[in-house]
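Now for the letters of each chain:
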Amino acid sequence: MRDDHIISAKQLSRSDIEAVLDRAAEIADDPGAVADSKDGELLGLLFFEPSTRTKMSFTTAMKRLGGDTVDMGSVESSSVKKGESLADTVRVIEGYADALVLRHPSEGSAKLASDFVDVPVINAGDGAGQHPTQTLLDLYTIRENAGFDDLTIGIMGDLKYGRTVHSLAHALTNFDASQHFISPESLRLPRSVRYDLHEAGAQVREHTDLEDVLGTLDVLYVTRIQRERFPDENEYRQVAGEYRIDTELLERANDDLTVMHPLPRVDEIAPDVDGTEYATYFEQAHNGVPVRMALLEELL
Ligand code: NCD
């Protein structure tokens, strides 16, 4: 890894990514072979937004490596409620932990935190910005199920506010991937992300209709409409429920299509898809543990 802090997928080179994915695959194949390499080390968890998978899989990963976690707890029960700044909070908690995992509603918050501390900061989601460790487990899942050779992927849903999308799209520019972006007009990729993708050599192909590309896809990455980020609830209502994947729609897909979702889902994927060969989202969530173990081994 070129940097100690993991702030954005933009900092990850192909070799950085492959090193984490290779090690994660070794760990997944033989979990018993992992030494208690982080015995006595502590990972600080600072979650200013809700989390199930990210927080629990970091906790599981750290404990499986022989280490432990210290958790700030909810915003309501911490001094953040008294008006403490993020800079002060992280400067205090760096004295308690060997690395910090931060999720925060403000874009740029992980970068800001990293400017104030010496221990590694891992961005577990900064507003509508980035979510680089989700990307590592997404890439792991793609590699396991579809491979990167001649990959055609559709990324669908809330491309405007979806931080997992921003990170994944950028990381995929390291690979031989053809990316299609499917969303309502109002939830297109932000201009800054489109610019970055162009700069990285990617072709940005945008669609409003999934059926334009469904039959060509190896992977379909579905995302939730990020209701909490809409400035106006009416705007959310206009797009809510616009895209929904079900088994009937998937009859028009490749037989070996891999359907992914970072989860939580609301109604983007009908439950009838869960029992099909397409459904890979629960496996994807489980992959968070070996991938985060591999990352923590390297960072700490
Ligand atoms: C995602 C997130 O927090 O950005 N969740 C996750 O970490 N798996 C996706 C989402 O909340 O929609």
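Visitor: Now, about the site of the ligand: what can you tell me, with residues and values included?
Guide: Surrounding the ligand, one finds R53, T54, R103, H131, Q134, R163, T164, R224, Q226, P262, L263 and P264. Between the ligand and Q134, the relevant distance is 3.1 Å, taken from a nitrogen atom to a side-chain nitrogen or oxygen of the residue. Here an oxygen atom of the ligand sits 2.8 Å away from a polar atom, N or O, in the side chain of Q226. Summarising the interface, the protein chains cover 93% of the accessible area of the ligand, which totals 320 Å² for the free molecule. Looking at the shell around the ligand, its residues break down into three nonpolar, five polar and four charged. A domain split of the shell around the ligand shows at least three residues from each of domain 1 (9-130 + 288-299) and domain 2 (132-286).

Visitor: Run through the domain arrangement of the protein, naming residues and quoting values.
Guide: Looking at the protein, the domain boundaries give domain 1 (9-130 + 288-299) and domain 2 (132-286). Domain 1 puts 33 residues into the contact, and the matching count from domain 2 is 26 residues. Where domain 1 touches domain 2, the interface holds four salt bridges. One can count 15 residue pairs in polar contact (both at pLDDT 80 or more) joining domain 1 with domain 2. Secondary structure elements with two or more residues in the side of domain 1 that touches domain 2: helix 1 (14-29), helix 2 (53-64), strand 3 (99-104), strand 4 (121-126) and helix 11 (288-299). When residues in the side of domain 1 that touches domain 2 are grouped by element, the largest group, nine residues, is from helix 1. Tallied by class, residues from the side of domain 1 that touches domain 2 come to 16 nonpolar, eight polar and nine charged.

Visitor: Mind laying out the nonpolar core, listing which residues take part and the relevant values?
Guide: Formed by 53 residues in total, the largest nonpolar core has its most connected members in L139, I153 and I155. Looking at this core, the element that brings in the most residues is helix 11, giving seven residues. Taken domain by domain, this core gets at least three of its residues from each of domain 1 (9-130 + 288-299) and domain 2 (132-286). With sequence-adjacent residues up to four places away left out, L139 is seen in contact with I17, L21, F148, L168, A171, L172 and F175.

Criteria and cut-off values
- Residues numbered from 1 in each chain as written.
- Predicted model: local features only at pLDDT ≥ 70, side-chain atom pairs only at ≥ 80, totals over all residues.
- Heavy atoms only, no water.
- Near = heavy atom within 4 Å.
- Polar contact = N/O pair within 3.5 Å; in protein donor to acceptor, adjacent residues only side chain to side chain.
- Areas by Shrake-Rupley, 256 points an atom, 1.4 Å probe, with all protein chains shown as cover.
- Nonpolar A, V, L, I, M, F, W, Y, C, P; charged D, E, K, R; others polar.
- Domains from an automatic or database assignment.
- Contact = heavy atoms within 4.5 Å.
- Salt bridge = Lys/Arg side-chain N within 4 Å of Asp/Glu carboxyl O.
- Helix = DSSP H or I, 4+ residues; strand = E, 2+ residues; numbered from the N terminus.
- Core = buried A, V, L, I, M, F, W, Y, C linked by side-chain atoms within 4.5 Å.
- Buried < 20%, exposed > 50% of the residue type's maximum accessible area, 1.4 Å probe, protein only.

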